[in-house]
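Single-letter residue listing:
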Amino acid sequence: MADVRVRFAPSPTGYLHIGGVRTALFNWLFARHAQGKFILRIEDTDQDRSTEEAIQAILDGMRWVGLDWDEGPFRQTDRMDLYRQQAIRLLEQRQAYWCVCRAEELEARRKDAMAKGLQPGYDGRCRERGITNQNGDAALRFKASREGQTVVEDLIKGRVVFENNILDDLIILRSSGYPTYNFSVVVDDALMGVTHVIRGDDHLNNTPRQIPIFKALGYDVPRFGHLSMIMGADKAKLSKRHGATSILAYKDMGYLPEAMINYLVRLGWSFGDQEIFSLPELIEKFDLAHVQKSSAVFNPDKLQWMNAHYIRHGEPKRLAGLLRPFFGQVGLGEAAEKVSDEWLEKLVVALRERARTLVEMATAAAPYVQDKIVVEAAAAEKFLTPEIAPLLANLTDRFERVTDFSKTVLEETFKKFLEDEGLKIGQLAQPVRVALTGRTASPGIFEVIDLLGRERILARLRQGIALAGRTRP
RNA sequence: GUCCCCAUCGUCUAGCCUGGCCUAGGACGCCGGCCUUUCAAGCCGGCAACACGGGUUCAAAUCCCGUUGGGGACGCCA
């Protein structure tokens, strides 16, 4: 077989959403697996709705998840001559004709037909009129066959048969001279040598309209594979209503691209019981045969679990770098600037088991990056009691006398203190935790100590003693 | 309305093509326990599904038909 060539062809009429990324991912994986080419093509023939910002957002999104392309990004608006040439060829071959029906008329007729329960398609009234495009404002229609069947041997759905009599003559060139989707895709897929068209389910009905165009133009028809859609919790096609569906929104919420990829690939594709896949593994194992035919509901909980997994197992150094931009978002921007990369790495190691997103991690980092903390009232109430005050004071004295303020020495000092006082670690760890972090939950107490450093430990211990010793109502 | 697609725990799925190994497996979530300096993580256990009805067969989650349900498409959008 010829070398595999696939493409991802989004239209820049909005941001790149989850569903688009999954389609891109499946194409990308298919290409990488087959050592073929992955082409990025921007379908911007809708002059009214396409925007430069959307193109940028698509590119940024693709880069963020790491889906790199071998060719492109091509823009259809740069290829107008090609479509017009091909369209004229069809006209000359008498496989296309000019139509002077007005858009408004067509719309009215369509509504009328729908209301009467008839097929809403174009009735073909200009089909045999032999109109010449004298005024330059006619649309060009493809003359579709009304007989026989068009069969799609879909790589995912299997054999799908369409009766040609349900097809109408679709417009391939608008009166503006711009090609329509169903025509430009065919021309581009043919000219770019695309061998496999892997796209959303919502295009399955377009396939029997596109196949005859490939044939009329004399090109090979590519293989098709139609992916089921991703739905929201309400089982409707994923849209803005379902909250953050822009892929970049997930970046901002503190998700890791590898978690996103891993989650998305499992939405419709499986390899036995396996859930976690590295990228090389995905490239090696991905195939269309194990792609689910039915649609899948997007499950934020599982994505979050997946993200937590990658945070826990990720390389601390990289995570630390990814974490930095999030401090600003949680109001720790200034405090975090003073922090060294080395220290931050240590912080990541301490926090990664309890953070599901980078936002959560940044939030949890507050007591460690800030100089001053506010002790939660309930925590102080419960653990910073008058009885604990002297113990805290004695511990502080011991810490003050320590000259080598290293984790090991501090831990030894702490344990020695427990021994001398005849205490179990559980009796003192919680009060100390509350004094040092202001919270009842934190990483291991010795990790906390290691993170804070002498000055802050002593200051917070003293603050804790003060809180514990105060008289209460 | 017409056409097309789909149908296993709440959700993602394995199994289906090539019927028996299925008392239907895994994962997320949920519940309980263990571990434990807290919270997590980890480990162990639990709840929970073959949409329905007909066939075919010795045997059906698996094959066939129908019903129901869900989704998508029917644009001078893509």
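Residues numbered from 1 in each chain as written. Chains lettered and ligands numbered in written order. Predicted model: local features only at pLDDT ≥ 70, side-chain atom pairs only at ≥ 80, totals over all residues. Heavy atoms only, no water.

Participant: Pulling in residues and values, what's your account of the nonpolar core?
Facilitator: Core analysis: the largest hydrophobic core is formed by 108 residues, its most contacted members being Met62 and Leu428. Residue contributions to this core peak at nine residues, all from helix H1 (residues 18–34). Contacts of leucine 428, omitting those with residues within four sequence positions, involve Ile388, Leu391, Leu392, Leu395, Phe414, Phe417 and Leu418. The next biggest cluster of nonpolar side chains, apart from the first, holds 38 residues, and it includes Leu90, Cys126, Ile172 and Ala190. (Core = buried A, V, L, I, M, F, W, Y, C linked by side-chain atoms within 4.5 Å. Buried < 20%, exposed > 50% of the residue type's maximum accessible area, 1.4 Å probe, protein only. Helix = DSSP H or I, 4+ residues; strand = E, 2+ residues; numbered from the N terminus. Contact = heavy atoms within 4.5 Å.)

Participant: Describe the protein's contact with RNA strand B, and please don't skip the residues or the numbers.
Facilitator: RNA strand B sits among 62 residues. The nearest are Thr45, Asp46, Arg174, Glu353 and Arg354. Backbone atoms, meaning sugar and phosphate, form 69% of the atoms of RNA strand B found within 4 Å of the protein. Lysine 157 is positioned with one of its side-chain polar atoms (N or O) 2.7 Å from a sugar or linking oxygen of RNA strand B. Within the backbone of threonine 440, an N or O atom sits 2.9 Å from a sugar or linking oxygen of RNA strand B. (Near = heavy atom within 4 Å. Polar contact = N/O pair within 3.5 Å; in protein donor to acceptor, adjacent residues only side chain to side chain.)

Participant: Can you break down the state of the cysteines residue by residue, with the values?
Facilitator: The full count for this structure, using the stated rule, is zero disulfides. No disulfide involves cysteine 101; its sulfur sits 3.7 Å from the nearest other cysteine sulfur, which is in cysteine 126. Classification of cysteine 126 as buried rests on a relative accessible area of 1%. (Disulfide = S-S within 2.5 Å.)

Participant: Explain the side chain of aspartate 44 to me, and be specific about the residues and the numbers.
Facilitator: Following the sequence through the fold, aspartate 44 ends up in the loop between strand E2 (37–42) and helix H2 (52–65). A distance of 3.2 Å separates a polar atom in the side chain of aspartate 44 from a polar atom in the side chain of arginine 75.

Participant: Can you explain unusual backbone geometry? Please cite residues and give values.
Facilitator: A cis amide bond links glycine 72 to the next residue, proline 73, at an omega of 0°. Relative to the helices and strands, proline 73 resides in strand E3 (residues 71–75). One non-glycine residue with positive phi stands out, namely glutamine 35, at about 55°. Counting through the fold element by element, glutamine 35 comes out in the loop between H1 and E2. For arginine 94, which is not a glycine, the phi torsion comes out positive at approximately 65°. With respect to the element layout, arginine 94 can be found in the loop between helix H3 (80–92) and strand E4 (96–99).

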